[in-house]
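Spelled out from the first residue to the last, the chains are:
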Amino acid sequence: MSQLLTIAAAETESPLIPPIPELVIGLIAFVIVFGFLAKKLLPNINKVLEQRREAIEGGIEKAEAAQTEAQSVLEQYKAQLAEARHEAARLRQEAQEQGATLIAEMRAEGQRQREEIIAAGHAQIEVDRRTAAQALRQDVGHLATDLAGKLVGESLEDHARQSRVIDRFLADLEEKAEAAR
């Protein structure tokens, strides 16, 4: 029977329900730990979380400001690059125009120099031709005078007579040359 009472007493005590003194001690320990956490750790945790939130928000604002500034700098660089390209195209166009002008001037100067050289050459040729014709006329005159003197049998040393004979002889030669053409 005593066994039955122990069994009955044991049946009234459930293993899921703790004894009351243990429950009170556990509850007091929980309140102490919760109070310590609420007074000491929770403010520090909230403070750190608030600092992190502010740092993240400040970082986001700084990043947005940096991105806005970078975008404006990028736009400035693009504008400067476009201006530099425009300036380079303008300078290239000016250089091409100056080159074309310089080429035209050099061609004109070359043409002028060529004309001067040709004119000087023609003048020199004319002078040389006249000199050669004069020398040839004199040589032909002397030869014709000598030959005519031998044919006629008298001396044609008289200068006036010699000039008439030479002129007549050359005129005959020129007529024959023109007739041959």
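From a predicted model like this one, the values you see are computed outputs, not experimental measurements.

Side note on the UniProt feature "transmembrane region" (unreviewed entry) in the protein
The UniProt record marks residues 20-38 with the feature "transmembrane region" (unreviewed entry), using the residue numbering of this structure. Regarding residues 20-38, the helix share stands at 100% and the strand share at 0%, and the terminal C-alpha atoms are separated by 26 Å.

Quick look at a negative patch on the surface
Together, D172, E174, E175 and E178 line one region of the surface with negative charge. By secondary structure assignment, the location of E178 is in helix α3 (residues 159-180). Taking the relative accessible area as the measure of exposure, E178 reaches 58% and is therefore exposed.

Considerations on the packing of aromatic side chains
Using the criterion set out here, one finds one aromatic pair in the structure. Their ring planes at 20 degrees and their centres at 6.1 Å tell us that F30 and F34 sit as a pair that is stacked. Of this pair, F30 and F34 both sit in helix α2 (residues 20-152), four residues apart, roughly one helical turn. Look at F30 and you get exposed, because its relative accessible area is 56%. You can call F34 exposed: its relative accessible area is 54%.

Overview of the pattern of salt bridges
Side chains carrying opposite charge are able to pair once their charged atoms draw close together. Taken as a whole and judged by the stated rule, the model has nine salt bridges. Close ionic contact of E116 with R112 constitutes a salt bridge, the shortest N to O distance being 2.2 Å. Linking E116 with R112, this pair stays in helix α2, spanning four residues, or about one helical turn. Accessibility expressed as a relative area gives 45% for E116, which makes it partly exposed. Look at R112 and you get partly exposed, because its relative accessible area is 37%. A salt bridge links E115 to R114; its shortest N-O distance comes to 3.2 Å. Looking at E115, the relative accessible area reads 38%, which means it is partly exposed. One salt-bridge network, in which partners are shared between bridges, spans E50, R53 and E57.

Some details on a nonpolar patch on the surface
A cluster of nonpolar residues, V33, F36, L37, L41, I45 and L49, forms a patch on the protein surface that exposes about 540 Å² of accessible area. Examined against the element boundaries, L37 turns out to sit in helix α2. Given a relative accessible area of 36%, L37 falls into the partly exposed group.

Procedures and definitions
- Residues numbered from 1 in each chain as written.
- Predicted model: local features only at pLDDT ≥ 70, side-chain atom pairs only at ≥ 80, totals over all residues.
- Heavy atoms only, no water.
- UniProt positions renumbered as here; feature names shortened; annotations may be inferred.
- Helix = DSSP H or I, 4+ residues; strand = E, 2+ residues; numbered from the N terminus.
- Patch = residues over 30% accessible without salt bridge, like charges linked within 9 Å, V, L, I, M, F, W, Y side chains within 5 Å.
- Areas by Shrake-Rupley, 256 points an atom, 1.4 Å probe, with all protein chains shown as cover.
- Salt bridge = Lys/Arg side-chain N within 4 Å of Asp/Glu carboxyl O.
- Lys, Arg positive; Asp, Glu negative; His and termini not counted.
- Charge placed at Lys NZ, Arg CZ, Asp CG, Glu CD.
- Buried < 20%, exposed > 50% of the residue type's maximum accessible area, 1.4 Å probe, protein only.
- Phe/Tyr/Trp six-rings, centres within 6.5 Å; stacked < 30°, edge-to-face > 60°.

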